[in-house]
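Here is what each chain is made of, one letter per residue.
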Amino acid sequence: MKRRILLVAALLISVAPVFADYVYKSEAVASYYADKFHGRKTSNGETFNMYALTAAHKTLPFNTKVVVTNLSNGKSVTVRINDRGPFIAGREIDLSKAAAEKLDMIKSGTAKVKITVIDAKIKNSSSSPYLKQENKNKTWDIQLGAFSVRKNAEAFVKKLQAAGINKYLAYQTAGNITRVVIKDIATNDVQGFLNLLDKKGFEYFVRERAKVKQK
């Protein structure tokens with residue numbers, strides 16, 4: 001009987017760490033985004049809903065679930081990563097408005113938080129590059145439009161150029177679709193491009209730089 005109890009205890013000890021949450025960042029800065037982005041596409045192709053409990057992060061895989069805890073008041077919220085960002089230096093995670101409300105950070109706009117990964121597939125992967133360190137050499141594409149007719153894509157590029165958006169413009173092809181993008185942007189430069197696009201009234205979504213066909 002004693003041997004059986006010891007065996008069960010040993011099994012519990014060996015299994016328990018598998019289900020433990022992984023503290024991704026013990027202290028980081030969170031911000032939030034809301035009305036201006038509501039209804040736009042997120043980087044994984046979903047439609048951003050500021051009333052849903054989601055967030056943007058530069059490196060954690062899409063659909064990773066994390067608990068974000070406001071260090072100033074102890075309030076927590078669980079969110080799912082479905083977008084990329086924030087691209088402002090010093091900020092780690094961009095929450096939906098609904099998530100920010102649960103953390104009571106609407107007035108302040110930002111908050112110091114703890115980020116805990118609760119997605120088992122991520123937290124239990126000792127080889128995961130996302131848990132070891134962020135890839136500081138990561139670059140990004142900002143997609144501005146997708147067209148089934150190449151001439152329409154070319155006309156759109158002329159419209160962008162007329163608005164003063166000339167840098168890093170490129171076409172990307174996927175089947176019979178031609179995408180117009182600002183390509184290969186360093187992380188620290190992304191926000192500057194987004195500010196310009198907002199000012200000029202262009203829609204966009206950001207995705208991690210991929211190996212795509214250029215023409």
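Q: Now, about the overall build of the chain: what can you tell me, with residues and values included?
A: Within the chain one finds six helices and 11 strands. Counting only residues that meet the buried cut, the chain has 42% of its 215 residues in that class. Considering only contacts within the chain whose residues lie at least 6 apart along the sequence, 73% involve residues at least 24 apart.

Q: So what about the sheet that holds strand β4 (residues 76-83)? Which residues, and what values?
A: Strand order around the closed barrel formed by six strands is β1-β5-β2-β4-β3-β6, with mixed pairing between neighbours. On average, each strand axis in the sheet is tilted by 45° relative to the strand beside it, whichever way the strands run. Where strand β3 (residues 65-70) lies against strand β6 (residues 110-117), five bridges are found, and the strand directions are antiparallel. Within β6, the position partnered with valine 66 by the bridge is valine 117.

Q: Lay out the layout of surface pockets with the relevant residues and their values.
A: The space that makes up the largest pocket amounts to roughly 360 Å³. Among the secondary structure elements, those contributing two or more residues to the lining of the largest pocket are β1 (22-33), α6 (187-200) and β10 (205-208). Per-element tally for the lining of the largest pocket: the top contributor is β1, with three residues. Here the lining of the largest pocket is composed, by residue class, of 12 nonpolar, five polar and six charged.

Q: Could you give an account of the nonpolar core, naming the residues involved and the relevant values?
A: Counting residues in hydrophobic clusters, the biggest one holds 23 residues, and the most contacted among them are Ile142, Leu144, Leu160, Val180, Ile182 and Leu197. Secondary-structure elements contributing two or more residues to this core are β7 (139-147), α5 (150-162), β8 (169-174), β9 (177-186) and α6. Excluding residues that lie within four positions of it along the chain, valine 180 makes contacts with Ile142, Gln143, Leu144, Gly145, Phe147, Ala153, Phe156, Val157, Leu160, Leu169, Ala170 and Tyr171. Judged by nonpolar contacts, the second largest core, of 20 residues, contains Leu60, Ile81, Ile93 and Leu95.

Q: Mind laying out α6, listing which residues take part and the relevant values?
A: Within an α-helix, residues lying three or four positions from one another point in the same direction, as the helix has 3.6 residues per turn. Three or more residues of α6 are buried, namely Thr187, Val190, Gln191, Phe193, Leu194 and Leu197. When α6 is viewed along its axis, its buried side chains cluster within an angular range of 165° and face the same direction. Those residues of α6 that are exposed and aimed more than 90 degrees away from the buried face are Asn188 and Lys199. Those residues of α6 that are buried lie in contact with β7, β9 and β10. Glycine 201 lies just past α6 and shows a positive phi near 85°.

Q: Run through the pairing of β3, naming residues and quoting values.
A: With five of six residues buried, β3 lies mostly within the body of the structure. Summarising the sheet, β3 and β4 pair through five bridges and their orientation is antiparallel. Pairing of valine 67 across the sheet is with threonine 78, part of β4.

Definitions and cut-offs
Residues numbered from 1 in each chain as written. Predicted model: local features only at pLDDT ≥ 70, side-chain atom pairs only at ≥ 80, totals over all residues. Heavy atoms only, no water. Helix = DSSP H or I, 4+ residues; strand = E, 2+ residues; numbered from the N terminus. Buried < 20%, exposed > 50% of the residue type's maximum accessible area, 1.4 Å probe, protein only. Contact = heavy atoms within 4.5 Å. Pairing = 2+ DSSP bridges. Axes fitted to C-alpha atoms, helices over the stretch in contact; angles between N-to-C directions. 1 Å grid on protein atoms, 1.4 Å probe; cavity = no way out; pocket = protein on both sides within 12 Å on 5 of 7 lines; lining within 4 Å. Points joined across faces, edges and corners; volume = space filled by probe spheres on them. Nonpolar A, V, L, I, M, F, W, Y, C, P; charged D, E, K, R; others polar. Core = buried A, V, L, I, M, F, W, Y, C linked by side-chain atoms within 4.5 Å. Arc of directions from axis to C-beta.

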